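Residues per chain are reported as follows:
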Amino acid sequence: MLALGQLPERYAFTHYGLRDGLASNIVNNLVQDRNGYIWLSTSNGLQRFDGNKFITFHHDPAQPASLPYDEVAHVYLDPEGTLWVITVDNKVGQFDTRTFRYRETPIRNWHSENVYVDKTFLSTGDGRLLLFIKKTNKLFEWRPAKQDFVPSKAVPIPAGWKVNHLMQDRKSHRFYLATDSGFVAFDRAQKQVAFHRNNPLHDPLIAAYGHERFVNYLFIDSRSRIFFEQWPKSEKHPLLQVYDPATGQRSKHQLHESFGLGYHQITALLQQQSGRLWVYGRPFLATYAQSKQPIQFLKKDYSKEHDLKFNQVFSMFEDRQQNIWLCTDNGVYQFNPDAQLFHNYSLTLPERNAVEGRAQTALQWPNGDLWVGFRDMGLHCFDSHMQPVPLPASLAALVKGKSVWDMHLRNGKLWIALQGGQLVVMDTRSHKAQLLQPAPFEKRAITQIVADQQGNLWFGNQAGNMVKWDQQLAGGDPAKGFVLFARLGTIEKMFIDAKGSIWVAAVGEGLLKINPQQNRIEARITTRNPPGFRLWNNNPKDIIQYNDSILVVVSGALNIINLNTLRVAHISTAQGLPTNTIQSVAKDAEGHLWLGTLNGLCRADLSKLSFTAYNQSDGLLNELFNVAGAQVLSDGRLLFTSAESFVVFDPARAALRDPIDKALLTDFKLMNRSLPVDSLQALQAVKLQYNQANVAMEFSALNFNQLTKLDYYYQLENFDSGWIKSDGRHQAIYTFLPPGQYKFKVKTRHLSGGYGAEKVFLTIHVAPPFWKTWWFFLLLLALVVLVLFLIDRERVKRLAALYHVRSDIAMHLHQDVSTTLNNINVLSQIAKMKADKDLVRSKELIDEISGKSYNMMLTMDEILWSIDPGNDSMQKTVLRIYEFAENLRANTGVEIDIIVHDKVKDLQLDMKVRHDFFVLCKEALHTLAQHARGAHIMVDIDYVRSKICLKILCAGIDCNAEANGIHALRRSMEAQASELHAHLNFETGKRDTSIMLTVPVR
């Protein structure tokens, strides 16, 4: 009798450890709160997990509301939603999941031990919360009004009995206690207690097992079956006993004997909502089912990244999505056996401990049986439940230990392609099988078998030999009729399209189209074809027909071939394909393509050019898929062979919407500092300063089912132009938002294309800087008006000053002209009267009239020159002084030397100062030249410390003789210097005169 290969299903686990943010690999237990967050008790603090990141809460001596101790032994969520925390320092308290504050709860009449004592909570059917201290008879009850625990008599405990476990049956509402002295049952309604030899309740457990002692754990499943773990002192290993009160059936399981398990401890059981039962402890995890082999252990493989690796399971938990969480000494493992899309199967042979080779081909029979061919492991048969079914004996002997490459069922005969150019042909009615080795295969592995519409078979092998089995030539004999058709490259795939043409994928040769009736090659599609008709590369791997006019060929990328024109379109990573390493392809009932690659599976929607990748995190135990290893089963499921056996899945389940699709805001960081989210969301708007608008927001739907493809989109209204797809971190970062009003929104999108509810998390108001506020603009406007007013006032003042200067000049001009004209008039009258009597005097008067007229002309010329805008510069004034000095030198013969420094020429003076300075200089030079009589005059004009400095030295003048003229000059200059607010130093000696005038310049 041949041993049958087993196909235990393998689950895909998501592992969370230290590198993922777990505070410690020792995780004692976990719970899920009403919002969906996972709370974990670890040996290094309390943690909250949102599916994206862990937040850790530690003891902080500076914070009275922090945990009292870092090592958390147990967490419990009561029916009211309160999170209870038990720490290893024997303290019990409540932790507010919104404010993250801890409050210790006193336990009355209990003296804390020096070492940790194991405790647990029990919520009863009538709304009580009990705190039970294991290995004792201590029971406490929560008093909400007093906010404390007090000793309780809710469940009477026989005196001296130490309780190991306490539970309540949800159906009968009876309490059961597992103790070293046996079982205890208590019925609150009847107020009666039952135990060994005292069973007034006629309780079936007490009746059947009341005599048993050293019971550590008790569990009642949904079918009212009773499971309990017992470790009698006489036994080296614990026992798992099962009792069904309805049928009276009993069973006892000794794991070390029945399953070869060494030292172990049975911790507890978990029943999922689906009814699946799990047993766990040290160092194992197993399912329990009512079958010949009820306990099935899950394999631990330390060589696989996503397999189990632990020494002990401390607890198990099922969340609201039916995900299972394992709390172990190696972190947390999460998986979902019922929602798992991909069902992975690895062959296990009784005579071989390790899996060698891979699944290469599969054939489904009309009755649903699945025959799978493996490399080096022969052919194995499984029923629709993946249970092993024996092969016909004649066939099993021929294929045992061989590599099975392909199978083809036709006209009551099964053709099996083997290594070494061998064929097995079995009659499906008589089960007679024969082994063949036709010569055209040249002892090379036969990789492909197809049948044309005329009933002929076509074969391809690794040597590239394409062989035809001609039915007419063979005369129905499988051993005859083999004819070599062509020599090509290694033949990876052969496919018959709807019109009967054969398409061949050959390594290095590209794609060939063959007419089987005419035995000729009709077309070749390679990389050497013209543009638009080329294959992606010359190594095609798999072929399917998508519809009447389209052929899909994978050769790394996708080749979409029009069967009518043979035009080729490519779909690669440039169009969004996750990888250009496609090995196999299948089409599901919805028209989507499923691609087996060297990096996992990919779901392709050609109509939308959308692609979804699946890898180990999605439940695939192996991401390396075989060439042409895809098959569609009769019920629509798809089968893909891989480097480690094969995977089967229902593609329709990939698009199922998970009800958990509404995102939550899980963290808000302002300037890289986390703020309490609940408090922020209670505000109408989060108000930020303009220089503190650096925010990061994290969000999650708290969807812990890793097999659910859920995409997140976010938008900051009034900032983002559209919805932004989030990366795997589920985080939106905005660096220094400009002032304004914003709304942060998140929505989810499922693989099916539907969107979850759009949710506005926060309204954010960023205050503008003061220079962008309305009051600042008003102030700025007022300032501008004030400046304009001051400028205008200054303009008016300057116009007034100019008017004053002009008025002054006009007044002086008027006075000079009037005086001169009056003098001329008087002198003219006198000259007229003297003309007949005193001719000499008349001539003198006429000369005086001529001099006064000339002086008046000079004065008028100077005034007109001063008011000319073209002369509004100091440089022109200096030139005027030079010109005046030259005229004096010519008329008087006095030597005048003038030195003007460059800084003076660049000065910009108003007209009055410039005019008055010129008049002073001119008057001084004119007076000194008139009285110098051949003396030497030196003039120096400089600009020093914001003042014009005029220095005049006249040497050789007789001041006594000319006292009247010099004194008059002095008085005139003092008067004019006073008007200019200038300083005058006028000194006279016997033979020289020095003048120093400093005029301030604004």
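For the structure itself, consult the block above.
Cut-offs and rules
Think of each chain on its own: its residues are numbered from 1, step by step along the sequence as written. Per-residue local features of the predicted model are confined to residues with pLDDT of at least 70, and side-chain atom pairs are confined, for both listing and counting, to 80 or more; whole-chain, interface and lining totals are unaffected and use all residues. Heavy atoms throughout the structure, all of them, feed into the side-chain values; hydrogens and water do not. Numbering of helices and strands runs from the N terminus; a helix is a DSSP stretch of H or I covering at least four residues, while a strand is a stretch of E covering at least two. Between buried and exposed lies partly exposed: a residue is buried under 20% and exposed over 50% of the maximum accessible area for its type, with that area taken using a 1.4 Å probe on protein chains only. Should any heavy atoms of two residues lie within 4.5 Å, those residues are considered in contact. Residue exposure ignores everything except the shown protein chains as possible cover, and the areas themselves are Shrake-Rupley values with a 1.4 Å probe. In short, DSSP must find at least two bridges between two strands for them to pair. Think of each axis as a best-fit line through the C-alpha atoms, taken over the contacting stretch in the case of a helix, with angles from 0 to 180 degrees between the N-to-C directions. Here roughly perpendicular refers to angles of 65 to 115 degrees, roughly parallel to angles under 35, roughly antiparallel to angles over 145, and oblique to all remaining angles. Handedness of a crossing follows from how the near helix is turned relative to the far one, being left-handed for an anticlockwise turn of less than a right angle and right-handed for a clockwise one. Note that Gly is not counted as nonpolar here; it falls among the polar residues with everything else outside the nonpolar set of Ala, Val, Leu, Ile, Met, Phe, Trp, Tyr, Cys and Pro and the charged set of Asp, Glu, Lys and Arg. In this analysis, rings of Phe, Tyr and Trp, with Trp reduced to its six-membered ring, are considered paired at centre separations within 6.5 Å, and the interplanar angle assigns stacked below 30 degrees, edge-to-face beyond 60, and tilted for intermediate values. Ring-over charges, as used throughout, are those where CZ of Arg or NZ of Lys falls within 6 Å of the ring centre and within 35 degrees of the ring normal.

**Examining the overall build of the protein chain**
Alright, step 1. Summing up its helical and strand segments, the protein chain has eleven helices and 71 strands in all.
Alright, step 2. Per-residue burial over the protein chain gives 51% buried out of 1002 residues.
Alright, step 3. The long-range share in the protein chain, meaning contacts at least 24 apart out of those at least 6 apart in sequence, stands at 52%.
Alright, step 4. Of the roughly 48,000 Å² of accessible surface on the protein chain, a fraction of 50% belongs to carbon and sulfur atoms.

**As for the sheet that holds strand β23 (residues 265–271)**
Alright, step 1. On the basis of which strands lie adjacent, the open sheet formed by four strands has the order β23-β24-β25-β26 and antiparallel pairing. Bordering the open sheet on either side are β23 and β26 (295–297), each of which pairs with just one other strand. Taken over all neighbouring pairs, the strand axes of this sheet differ in orientation by 25° on average, direction set aside.

**Things to note about the sheet that holds strand β48 (residues 550–555)**
Alright, step 1. Within the open sheet, the four strands sit side by side as β47-β48-β49-β50. Their pairing is antiparallel. Of all strands in the sheet, those bounded by a partner on one side alone are β47 (542–547) and β50 (568–571). The mean angle between the axes of side-by-side strands here comes to 25°, regardless of whether they run parallel or antiparallel.
Alright, step 2. As paired strands, strand β49 (residues 557–562) and β50 are joined by four bridges and run antiparallel to one another. Within β50, the residue paired with leucine 558 across the bridge is isoleucine 571.

**Overview of the packing of helix α8 (residues 874–892) against helix α10 (residues 911–932)**
Alright, step 1. Between α8 and α10, the shortest axis-to-axis distance is 11 Å and the interhelical angle comes to 15°. Taken together, the axes of α8 and α10 lie roughly parallel to each other. In the packing of α8 onto α10, the handedness of the crossing is right-handed. Mapping the contact onto sequence places Met874, Thr877, Arg880, Ile881, Phe884, Leu888 and Thr892 in α8 and Arg914, Phe917, Phe918, Cys921, Lys922, Leu925, His926, Ala929 and Gln930 in α10.
Alright, step 2. Of the residues assigned to the contact of α8 with α10, the class counts are nine nonpolar, four polar and three charged.

**Notes on the packing of aromatic side chains**
Two measures describe an aromatic ring pair: the distance that separates the ring centres and the angle between the ring planes.
Alright, step 1. Here the structure, examined in full by the defined rule, presents 57 aromatic pairs.
Alright, step 2. Between tryptophan 142 and phenylalanine 149, the ring centres sit 5.4 Å apart and the planes meet at 50°, which makes this aromatic pair tilted.
Alright, step 3. A relative accessible area of 14% means that tryptophan 142 is categorised as buried.
Alright, step 4. The exposure class assigned to phenylalanine 149 is buried, which follows from its relative accessible area of 0%.
Alright, step 5. Seen from their ring centres, phenylalanine 284 and phenylalanine 297 are 5.7 Å apart, and the 75° between their planes marks the pair as edge-to-face. With phenylalanine 284 in the loop between β24 (277–282) and β25 (285–288) and phenylalanine 297 in strand β26, this pair connects stretches of sequence that are 13 residues apart.
Alright, step 6. Phenylalanine 284 sits in the buried class, given a relative accessible area of 3%.
Alright, step 7. On the accessibility criterion, phenylalanine 297 (29% relative accessible area) is partly exposed.
Alright, step 8. Here the guanidinium or amino end of lysine 587 rests over the ring plane of tyrosine 546, the centre of that ring lying 4.6 Å away.

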